[in-house]
Amino acid sequence: MEKKLKSAQLKRHQAVELVKSIEQFTIGYIEENASEIPVCLEQLERYYEDFIHANAKVMELEEEATDASVTERCDMDTQYRHVKGFLLRKQPPPTAAQNMSNESMLLASSTLNSSGRSGAVNLRLPKIELPTFDGDSTKWLTFRDRFVGMIDSASEIPNIMKLQYLLSSLKGEVGLLFEHTTLTAGNYEVTWAALLKRFDNPRTLIREYYRKIHHLPTVSCDNMDDLALLVDEFTRHVNGLKKLDEPVGTWDTPLANLLLMKLDLSTILAWENHSAQYKKDKYKEIVDFLQDRVRILKSSREFSNNGDGSAIERLLLMKDQPAMKDGEADIEEQLAVSHIVTTSTMCDFSNILFAKYSRASKASSCKRVKVKADMKTLLHSVPPLTAEELQQAELPLCQLAQPESFAEELVDLQRGKQVSARSKLKWLSPYIDAQGVLRVGGRLGNANITEATKHPTVLAA
């Protein structure tokens, strides 16, 4: 930390001295040196930008020197304006092309009185997409860096316009703090310095990022939107800590476990299956896995919502209805489940599927349902299910349902352990078959019966 502070202080001192050297050029200026002005202007911009970055770094690393750093910044801004103003006045006349460029960029005209206040102000600000700031500490760094890069360091923008940009970017409680700020050129530096003093505190920012990570809501089910929000916010806060020079690259264990604690059981089970060969959990690998999972869930949801002949739509349209009246046409309940694996995007949807699958499999006493007028055309086009399709549908249904009821047992068995003594399945000697389905074990291996009868699938009551 001390080494970084000394380096930042050295860069800031170097930038100050270089700006002074250009100031000496203006003091001893003669007309014969006019050709050097464009070079001086270019150097002045570079040295000023170096000072801004170095000064901000010093403020981050040395909290006690915040007031002194703000004072240095104000002094530098004053010096920068004087030097650049002199150079612009002495600069050779611009060409016609340069005049057109300047007219397209400078969209403000104002008449200022001797006190610096606007007597007849006619401002038309160029449209610049700036981030807003509402007092959320975790969004301060982004706002500060973008505002400095786009507005504060732009020497061609007058201070009165900078203040207008700044005030229009402040929202919520922060906006109310500066609601009555008078729009004058001198108030810009005062307002910006007040914001820096209030929010540009690295120690406070680090605390806030930690607090936000710990208080992120847990994903309660396999919901794509909640999972995407968790991943985005978690990585945003970690990146903020990284920008504040926290050694997040060495925090695999705490970050990985904090993130895992926020996930639902289905996603944890998927991660355990994905990382079975890993020696330890790594934060970046978990984030990559979750981003891929969000992308898959989103793609599956879009697929399941496309087309009026999709399996999901046809299944959801099959609702129990009252008995039909005489003379009304009826249709046997049809369940299209051959593509049911796409339903993994919907929390607890497997329970709905099992209820409907159970009814559909009773072909000898198939229920009759009443079809509303707006459903008749669609349902008449649904082809009947074959016995083979029903058998094929049973496997993905089991794979969807079992993690919801037996998540802990599946994790234990995948790790090569026995199920917990507290498990309801401990007397069944459960095992996971080659297709990932939880089945009953036992001593019927040599019995002359089918495999499904020897080792039935485990399902919740």
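Calculation rules
Counting restarts for each chain: residues are numbered from 1 in the order of the written sequence. Note on the predicted model: pLDDT of at least 70 is required for a residue's local features to be given, and 80 or more for side-chain atom pairs to be given and counted; whole-chain, interface and lining totals, by contrast, use all residues. Excluding hydrogens and water, the side-chain figures rest on all heavy atoms present in the structure. Salt bridges are defined by distance alone: a side-chain nitrogen of Lys or Arg within 4 Å of a carboxyl oxygen of Asp or Glu. Numbering of helices and strands runs from the N terminus; a helix is a DSSP stretch of H or I covering at least four residues, while a strand is a stretch of E covering at least two. A simple rule labels every residue: compare its accessible area, found with a 1.4 Å probe on the protein chains alone, to the largest value its type can have, and call it buried under 20%, exposed over 50%, or partly exposed in between. Aromatic pairs are defined between Phe, Tyr and Trp rings, using the six-membered ring for Trp, whenever the two ring centres lie within 6.5 Å; interplanar angles under 30 degrees are classed as stacked, those over 60 as edge-to-face, and all others as tilted. The convention used is that axes are lines fitted to C-alpha atoms, helices contributing only their stretch in contact, and that angles between N-to-C directions extend from 0 to 180 degrees. Angles below 35 degrees are treated as roughly parallel, those above 145 as roughly antiparallel, those between 65 and 115 as roughly perpendicular, and all remaining angles as oblique. Left-handed describes a crossing in which the near helix is turned anticlockwise from the far one by less than a right angle; the clockwise case is right-handed. Contacts are residue-level and defined by heavy atoms, with any inter-residue pair within 4.5 Å sufficient. Grouping buried Ala, Val, Leu, Ile, Met, Phe, Trp, Tyr and Cys residues that are joined through side-chain atoms within 4.5 Å yields what is termed a nonpolar core. Per residue, pLDDT measures the predictor's confidence, with a range of 0 to 100. One fewer than the residue count of a helix, multiplied by 1.5 Å, yields its expected span. Lys, Arg, Asp and Glu make up the charged group, whereas Ala, Val, Leu, Ile, Met, Phe, Trp, Tyr, Cys and Pro make up the nonpolar group; the residues left over, Gly among them, are polar.

### Quick word on the pattern of salt bridges
Point 1. Counting across every chain of the model gives 17 salt bridges.
Point 2. When the shortest N-O distance is used, the salt bridge between Lys20 and Glu17 registers 3.8 Å. Linking Lys20 with Glu17, this pair stays in helix H1 (residues 2-27), spanning three residues, or about one helical turn.
Point 3. Residue Arg415 pairs with Glu272 through a salt bridge whose shortest N-O separation is 2.9 Å. Of this pair, Arg415 sits in the loop between helix H18 (407-414) and strand S5 (431-432) while Glu272 sits in helix H12 (residues 265-274), placing them 143 residues apart in sequence.
Point 4. Residue Arg415 is classed as partly exposed on the basis of its relative accessible area of 48%.
Point 5. A network of salt bridges, in which partner residues are shared, links Arg144, Asp145, Asp200 and Lys243.

### Describing the packing of aromatic side chains
The way to describe two aromatic rings as a pair is by their centre distance and the angle between their planes.
Point 1. One pass over the full model with this rule turns up 15 aromatic pairs.
Point 2. Taking the centre distance of 5.6 Å and the plane angle of 85° together, the rings of Tyr29 and Phe86 count as edge-to-face. Of this pair, Tyr29 sits in the loop between H1 and helix H2 (37-61) while Phe86 sits in helix H3 (residues 66-90), placing them 57 residues apart in sequence. Considered together, Tyr29 and Phe86 belong to a single accessibility category, that of buried residues.

### Digging into the packing of helix H5 (residues 140-152) against helix H8 (residues 185-199)
Point 1. For the pair H5 and H8, the least separation of the axes is 12 Å and the interaxial angle reads 155°. By the criterion of interaxial angle, the relationship of H5 to H8 is roughly antiparallel. Viewed along their axes, H5 and H8 form a crossing whose handedness is left-handed. Counted together, Trp140, Phe143, Arg144, Phe147, Val148 and Asp152 of H5 and Tyr188, Trp192, Leu195, Leu196 and Phe199 of H8 form the full contact between these two elements.

### Quick notes on unusual backbone geometry
Peptide bonds are, in most cases, trans, and in most cases residues other than glycine have a negative phi.
Point 1. Of note, the phi angle at Asp245 is positive, near 70°, even though the residue is not glycine.
Point 2. With a phi angle near 50°, Ser429 is a residue other than glycine that sits in the positive phi range.
Point 3. One can find Ser429 in the loop between H18 and S5.
Point 4. Here Ser429 falls in the partly exposed class, since its relative accessible area comes to 44%.

### Re the nonpolar core
Point 1. Counting residues in each nonpolar core, the largest one holds 77 residues, and the members touching the most others are Leu87, Trp140, Phe147, Trp192, Leu195 and Phe234.
Point 2. Broken down by element, the residue count for this core peaks at nine residues, all from H2.
Point 3. Excluding residues that lie within four positions of it along the chain, Phe147 makes contacts with Leu130, Asp152, Lys162, Tyr165, Leu166, Tyr188 and Trp192.
Point 4. If you look at the next biggest cluster of nonpolar residues, it comprises ten residues, including Leu269, Phe406, Leu425 and Leu438.

### Some remarks on the confidence of the model for the protein chain
A low pLDDT means the predicted coordinates there should not be read in detail.
Point 1. Scored by pLDDT, the protein chain comes out at a mean of 75, with 71% of its residues at no less than 70.
Point 2. Of all the helices and strands in the protein chain, strand S3 (residues 331-332) carries the lowest mean pLDDT, 38, while helix H9 (residues 202-214) carries the highest, 93.
Point 3. Low confidence marks residues 95-122, where pLDDT is under 50. Its contacts with residues over four positions away, or in another chain, come to 31 contacts.
Point 4. pLDDT under 50 marks residues 359-375. Its contacts with residues more than four places away, or in other chains, come to 26 contacts.

### Some thoughts on H3
Point 1. For H3, spanning 25 residues, the distance from its first C-alpha to its last is 36 Å, which sits close to the expected 36 Å at 1.5 Å a residue.
Point 2. Residues of H3 that are buried include every one of Thr66, Ser69, Val70, Arg73, Met76, Asp77, Gln79, Tyr80, Val83, Lys84, Phe86 and Leu87, and no others.
Point 3. Summarising the contacts, the buried residues of H3 are in contact with H1, H2, H5 and H8.

### Quick word on the packing of H3 against H8
Point 1. Between H3 and H8, the least distance of the axes is 11 Å, while the angle of their chain directions is 150°. For the element pair H3 / H8, the angle class is roughly antiparallel. The chirality of how H3 crosses H8 is right-handed. Facing H3, whose interface residues are Asp67, Val70, Arg73, Cys74, Asp77 and Arg81, H8 presents Glu189, Trp192, Ala193 and Lys197.
Point 2. Residue classes in the contact of H3 with H8 are distributed as four nonpolar, no polar and six charged.

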